[in-house]
Amino acid sequence: MRVRATCICAVANTFQTWCARLDGAALQSRSPGSHYWIVDRDWVGTHEKAQAGGIVMSSPSPRVGIAYDLHRLVEGRKLILGGVELEFAKGPAGHSDGDVLSHAICDALLGAGGLGDIGTHFPDTDAKWKGVSSLIFLEQTRKMLDERGCRIAHIDAVVITERPKLTPHFPAMRAALAKALGVAPEQINLKAKTNEGVDAIGRGEAIAAHAVATIEC
Ligand SMILES: [Zn+2]
């Protein structure tokens with residue numbers, strides 16, 4: 001019998017949540033160096049025990065998602081980036097708060113999980129999402145990944161804008177993004193670029209972001 005299983009060692013992030021549903025006695029008996037496995041989230045046993053029962057284990061494998069997003073910068077809108085409000089004369093046009101960095105990260109995570117895209121899950125035609133913090137999209141995406149037994153391993157993102165200077169705000173952004181995604185800030189890397197004065201971004205008419213997300217399922 002082939003059963004999809006995950007070694008506890010590889011799911012440290014979601015371990016606490018999952019183990020709440022598991023038999024504490026089985027976990028306490030864990031000996032150093034041994035691997036315990038979760039099957040269908042409610043069963044724990046050693047690899048040997050599973051093999052004796054004819055179960056073939058498979059370890060989680062990495063999956064990668066890529067994403068790009070762009071918003072026009074207009075007057076009368078707040079500039080929210082990575083869940084943090086920055087002081088600036090313009091902000092992104094958009095149905096939600098227009099957080100281009102959160103949108104790119106959300107899309108990259110959905111891509112890695114084979115879950116489609118941000119427009120499918122959080123359509124800009126739905127009044128429910130009007131003016132909301134895009135961190136909500138990240139929280140929902142994290143839940144979807146969690147339900148599939150996927151763990152966020154790492155996110156790398158780059159924001160492209162002429163102004164304002166972003167680097168001083170990265171610690172606050174990483175903290176906000178990490179909280180929404182249930183990961184450590186060290187699992188999120190942010191970079192800033194200008195467009196050297198070229199095209200709409202270079203003229204300060206738009207802001208864009210690219211993101212790559214690595215997950216393990
Ligand atoms: Zn967007």
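Note: the structure precedes this text.
Presented here is an overview of the structure given in this document. Note that the coordinates shown come from a computational prediction; the quantities given were computed from them, not determined experimentally.

### Digging into the environment of Leu138
Then step 1. Residue position: Leu138 is located in helix 6 (residues 135–147).
Then step 2. Here the alpha-carbon distance between Leu138 and Ala178, two residues 40 residues apart in the chain, equals 9.6 Å.
Then step 3. Not counting the four nearest positions on each side in its chain, Leu138 is found in contact with Ser102, Ile105, Cys106, Leu177, Ala180 and Leu181.

### Considerations on the packing of helix 6 against helix 7 (residues 170–181)
Then step 1. Helix 7 packs onto helix 6 with a crossing angle of 40° between their chain directions and a minimal axis gap of 8 Å. If you check the angle between helix 6 and helix 7, you find them oblique. Two secondary-structure elements touch here, helix 6 through Leu135, Leu138, Glu139 and Arg142 and helix 7 through Ala176, Leu177, Ala180 and Leu181.

### Remarks on the sheet that holds strand 10 (residues 206–216)
Then step 1. Spatial ordering of the open sheet is given by 7-4-10-8-9, a layout of five strands whose pairing is mixed. Each edge of the open sheet carries a strand with a single partner, namely strand 7 (90–92) and strand 9 (188–193). Direction aside, neighbouring strands of the sheet carry axes that sit 20° apart on average.
Then step 2. In this structure, strand 8 (residues 151–160) lies alongside strand 10, joined through nine bridges in antiparallel fashion. Within strand 10, the residue paired with Ile160 across the bridge is Ala208.
Then step 3. Contacting strand 8 and strand 9, helix 7 runs over the sheet at an angle of about 140° to strand 9.

The rules behind each value
- Residues numbered from 1 in each chain as written.
- Predicted model: local features only at pLDDT ≥ 70, side-chain atom pairs only at ≥ 80, totals over all residues.
- Helix = DSSP H or I, 4+ residues; strand = E, 2+ residues; numbered from the N terminus.
- Contact = placed C-beta atoms within 7 Å.
- Axes fitted to C-alpha atoms, helices over the stretch in contact; angles between N-to-C directions.
- Parallel < 35°, antiparallel > 145°, perpendicular 65-115°, else oblique.
- Pairing = 2+ DSSP bridges.

By themselves these figures say nothing about function.
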